[in-house]
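The lines below spell out each chain.
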Amino acid sequence: MRPFFRAVFIIFASVAVVLFLSRIQPAWPRVRFASSTGAVDDQGCSNDAGLMLPGGFCGTVFADGIGHARDMVVAPNGVVYVNTWSSRYYGNKPPHDDGFLVALQDTTSLGKANVVERFGETPQSGGAGGNGIALYKNAIYAEINDRIVRYSLTSGSIVPNDAGVTVVSGLPLTGDHPMHPFVIDSKGEIFVDVASPSNACQQKNRVAGSPGKNPCLELETRGGVWVYDANKTNQAFSRAERYATGIRNAEGMAFDADGRLFVTQHGRDQLHANWPNLYRPDQEATLPAEQLMLLKKGADYGWPECYYDPFVEKLVLAPEYGGDGKKVGVCTDKVAPIAVFPAHWAPNGMAHYDEKQFPARYQKGVFIAFHGSFDRAPYPQGGYNVVFQPLDGDHAAGQCEIFADGFAGAVKSPAGAAHRPSDLAVGPDGALYVSDDLTGRIYRIVYRGGAGAGTNITPCPSAASPAGEIERDNANPPEGTHPNAGKPNGNVAVPEGATRAMVAPGQRIYRGQVGAASCTGSHGENADGTPLGPDLTSGNGLWSDGSYKGIAKTISEGVPQPKFYRAPMPPLGGTSLTSGQVNAVAAYLWSLNHGTK
């Protein structure tokens, strides 16, 4: 046989063998282990997620670009529901025009969401999305603005057809932490995180040397977990439903198989920055530890008076309340965490693994998504990963492990990270889903076993590890450093003809988060004036009589010839605000001048 025909024969024979072998392979999907090269390994796992995982696990991108994806829940039919959020945390970037709630479905069994549908409120209706989302009695419960809304699911559709009914309204939106993650137990109790509006309840938030308010009145309506009834509608937020207190920000919430509720705590910031005479620079990066806590009714977990020091392994008194880094004081009476993690890693979502796909060791513990630090600078930042914390009943069972890493890419920092883990959810098939609120990516992690299974398990660093070597300049908290962020908001006053529900959307419209009419350039972030525009909180009624109707009229008609400022104000702020949006902004500005009631 001539060499040319021999080569052609070998090629065709090889192709035939490959085709034959492919026909006799098992019918289950072939998935390869994730790597960083984009190749596909011998177990069939494409590595488009680019994650570092223990041996035997595979990570893929389930969906991408869906908005700032925060909390998730997976229905029994495998549909993934995601709540997305538009806020100053993301530079007020324009959100999707359609609903903030997203339904993702894979109808091809390829591990990719080929169906993407949106529902719920939109930017045009005054919505700004939210964080919390849950399923209960064939209905989706979701946070939208200052409310928790229930949407009923019907057969034949993965998205609701109704406009939703309000279950709880009036959730606080001011200050540093305006998010409200929540979970619902089997009895229909909604456990809602109502986080603190400040860093440490100082008289001036995040200002060096400013003492703590004593008593900290924030705790009456913030800094804890509240409970409501998922079976009722039109419940109003109040002090009466507080379940537990002293929790700065419990973004991670998860039930175990026995109904115990575990929550995480975002520890406070800026110990050295605000108290340089008491704390070394490296202690800015290493104190305090992040916490995992067992939630108990009526318990006090210590914030703002106490923080957890992993080096002495106990709660100690905060400097705002007379602490010096050593004193314990009232902290002896507070409830300590069951597990701790390195400082400022920012524990967001949490999930208890209750399926069988993962190895048995993962069925007794919780996965935690760490959003990543800012306050470890100028030392190396940390977090930006998913860890697994084993549990034995109501307490930790050993050190945690870094389960998934690589989300941030080459640079672990708020400015440099490519992706940031935000929440976790477990599907009925045992897959673990991870949301990324930076670019709107949803990851899917499954276990496939095979060669190398059970290897490459990386223990978490100790919470008492040193800060490391200095490597970059200081960073700022994503919520800013507003000294008045902890100002109590109480029950906001509203003018006759408006409703309380209009005030929060009005604030977002004022800030350009909705409607693209940012008034902050002329009047400031807090409407207290700039060289271009007057203080709108003084009650002087510079351009109108200060009434609700007068403010709305000024917004609608503009101010072509201002008396004391060189820049005219165009009608509707130079945009096309609807009459409803004008009224919402007017209600917000009126409320600024009339305080609380």
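Anything mentioned here points back to the structure above.
Computed from a predicted structure; not experimentally measured.

Across its full length, the protein chain holds seven helices and 29 strands. The buried share of the protein chain, taken over its 597 residues, is 54%. For the protein chain, contacts bridging at least 24 residues in sequence account for 60% of all contacts bridging at least 6. Summed over all atoms, the accessible surface of the protein chain reaches about 25,500 Å², with 53% contributed by carbon and sulfur.

A few words on the state of the cysteines. For the structure shown, the criterion picks out three disulfides. The disulfide bridge from C201 ends at C216, spanning 2.1 Å between sulfur atoms. Torsion about the S-S bond of the C201 and C216 cystine: about 105 degrees, corresponding to right-handed handedness. Of this pair, C201 sits in the loop between β11 (189–194) and β12 (224–229) while C216 sits in the loop between β11 and β12; the two residues are 15 residues apart in sequence, bridging distant segments of the chain. Here C201 matches C216 in class, with each residue buried.

With nine of eleven residues buried, helix α4 (residues 500–510) is to be regarded as a mostly interior element. Here α4 has its buried residues at M502, V503, A504, P505, G506, Q507, R508, I509 and Y510.

So, on to the sheet that holds strand β3 (residues 80–84). Across the sheet, four strands lie side by side as β2-β3-β4-β5; this open sheet has antiparallel pairing. With partners counted over all chains shown, the strands left at the sheet margins are β2 (69–74) and β5 (115–119), one partner each. Strand-to-strand twist of the sheet, defined as the mean angle between neighbouring strand axes without regard to direction, takes the value 25 degrees. Pairing analysis gives five bridges linking strand β4 (residues 101–105) to β5, with the strands arranged antiparallel. Bridge pairing in β5 links A103 to E117.

This paragraph deals with the pairing of strand β7 (residues 139–144). Counting buried positions along β7 gives six out of six residues, so the element sits mostly inside the fold. Judged by which residues are buried, β7 turns out to be covered on both faces: A139, Y141 and E143 on one side and I140, A142 and I144 on the other are all buried. In this structure, strand β6 (residues 133–136) lies alongside β7, joined through four bridges in antiparallel fashion. Note on β7: the bridge partner recorded for I133 is A142. In this structure, β7 lies alongside strand β8 (residues 147–152), joined through six bridges in antiparallel fashion. Residue pairing across strands places E143 opposite I148, the latter belonging to β8. From the end of β7 to the start of β8, which pair antiparallel, there are two residues, and N145 there has a positive phi angle of about 55 degrees.

As a further point, take the packing of aromatic side chains. All chains considered together, the criterion is met by 28 aromatic pairs. Look at F57 and Y362: their rings are 5.6 Å apart centre to centre, the planes differ by 90 degrees, and that puts the pair in the edge-to-face class. Placement of the pair is F57 in strand β1 (residues 57–63) and Y362 in the loop between β21 (347–352) and β22 (365–370), with a sequence separation of 305 residues. No difference in accessibility class separates F57 from Y362, as the two residues are buried. The ring of Y362 has R361 lying over it, and the distance from NZ or CZ to the ring centre is 4.7 Å.

Before going further, it helps to examine the sheet that holds strand β10 (residues 182–184). Here four strands make up an open sheet; going across it, the order is β10-β11-β12-β14 and the pairing antiparallel. Edge positions in the open sheet fall to β10 and β14 (242–245), since each of these has one partner strand only. Each strand axis lies, on average, 20 degrees off the axis of its neighbour in the sheet, ignoring direction.

A cis geometry characterises the amide bond from W303 onward to P304, with omega recorded as 0 degrees. Non-glycine residue A346 carries a positive phi angle of around 65 degrees. Within the fold, A346 resides in the loop between β20 (339–341) and β21. Positive phi, normally seen in glycine, also occurs at Y384, with a value near 55 degrees. One can find Y384 in the loop between β22 and β23 (385–392).

Note: strand β18 (residues 306–309) against strand β19 (residues 314–317), four bridges, orientation antiparallel. Residue pairing in the sheet places Y308 in a bridge with L315 of β19. Counting the residues between successive antiparallel strands, the hairpin from β18 to β19 contains four residues, one of them, E313, with a positive phi of roughly 60 degrees.

Rules and cut-offs
Residues numbered from 1 in each chain as written. Predicted model: local features only at pLDDT ≥ 70, side-chain atom pairs only at ≥ 80, totals over all residues. Heavy atoms only, no water. Helix = DSSP H or I, 4+ residues; strand = E, 2+ residues; numbered from the N terminus. Buried < 20%, exposed > 50% of the residue type's maximum accessible area, 1.4 Å probe, protein only. Contact = heavy atoms within 4.5 Å. Areas by Shrake-Rupley, 256 points an atom, 1.4 Å probe, with all protein chains shown as cover. Disulfide = S-S within 2.5 Å. Pairing = 2+ DSSP bridges. Axes fitted to C-alpha atoms, helices over the stretch in contact; angles between N-to-C directions. Phe/Tyr/Trp six-rings, centres within 6.5 Å; stacked < 30°, edge-to-face > 60°. Lys NZ or Arg CZ within 6 Å of the ring centre and 35° of its normal.

Honestly, it's all geometry; don't read function into it.
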